[in-house]
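Remarks on the overall topology
So the chains spell out like this:
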Amino acid sequence: MTIRLASFRHAWHLALLLASFAPWAPSAAAAAERPVVIELFTSQGCSSCPPANAYLNEMVRQRRDVLPLAFHVTYWDRLGWKDPFSLQAATDRQARYGSRFGDGSYTPEIVIDGVTSHVGSNRAEIGPAIDRAKGASTTAASVRLARNGDKLTVDVGGGEGRGRMLLVGFDRRHETPIRRGENGGRTLEELNVVRSVRSLGDWSGIALRLTESMPEGEDAAVLLEAPDGRIVGAARL
């Protein structure tokens, strides 16, 4: 079963994809290559989600040109199985996308580079959408991460525009026996499971270096998010 909290996707998504890059100067696109960010909104309590989880797992294992992240939402937790990786930050992030796109919150949903929304198991639609995002992606500034013990150094280069820096902590792999709910009796393998999200502050086009504590999770990524929600910079450890 798929939960939807509002109407299905609207036809103007393609127009949004084409129009959303206009405010950024062409020179910004040449700042640095970066992975396309793939955000899967999922839950262990959703029987429609395992195929989308498997698709994300394939991307983690087979592609270096994308940064796949699994955000486990909370609104399934009351329906028979509490997902141990559910995060209110994931639910809130998806709600903001739902408000922008006009399609509410549902699982499984994949958002590509903060620009387009898709049913997370629809490979025939998502594959071409990733290719289009690679061709149209904007990089406002280079982002680099380095770890020294329990500290993380974040370097964001100079560029044009402005944005918000987000630090995402995630675990590389979990295998969970599901005892109740729609997936009861199954064992789910999930990769790049998001464990924490926090803001590092604003970026205004000036190069900067930050030293931060490692986030909750085995690995880390930084997303540079434009004011309209598009991803315009990304890197992982």
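These numbers come from a predicted model, not from an experiment.

How each quantity is defined
- Residues numbered from 1 in each chain as written.
- Predicted model: local features only at pLDDT ≥ 70, side-chain atom pairs only at ≥ 80, totals over all residues.
- Heavy atoms only, no water.
- Helix = DSSP H or I, 4+ residues; strand = E, 2+ residues; numbered from the N terminus.
- Buried < 20%, exposed > 50% of the residue type's maximum accessible area, 1.4 Å probe, protein only.
- Polar contact = N/O pair within 3.5 Å; in protein donor to acceptor, adjacent residues only side chain to side chain.
- Contact = heavy atoms within 4.5 Å.

1. Notes on unusual backbone geometry
- P108 follows T107 through a cis peptide bond whose omega is -10 degrees.
- Mapped onto the fold, P108 is located in the loop between α4 (88–101) and β3 (109–112).
- Unusually for a residue other than glycine, D113 sits at a positive phi of about 55 degrees.
- Tracing the backbone through its elements, the reader meets D113 in the loop between β3 and β4 (116–119).
- A residue is classified by how much of its surface remains accessible, and D113, at 4% relative accessible area, is buried.
- With a phi angle near 50 degrees, N192 is a residue other than glycine that sits in the positive phi range.
- Positionally, N192 belongs in strand β8 (residues 187–203).

2. Observations concerning the side chain of E212
- Here E212 lies in strand β9 (residues 208–213).
- Within polar-contact distance, the side chain of E212 engages the side chain of R198 at 3.4 Å.
- Setting aside residues no more than four positions away along its own chain, E212 makes contact with D150, K151, L152, R198 and L200.

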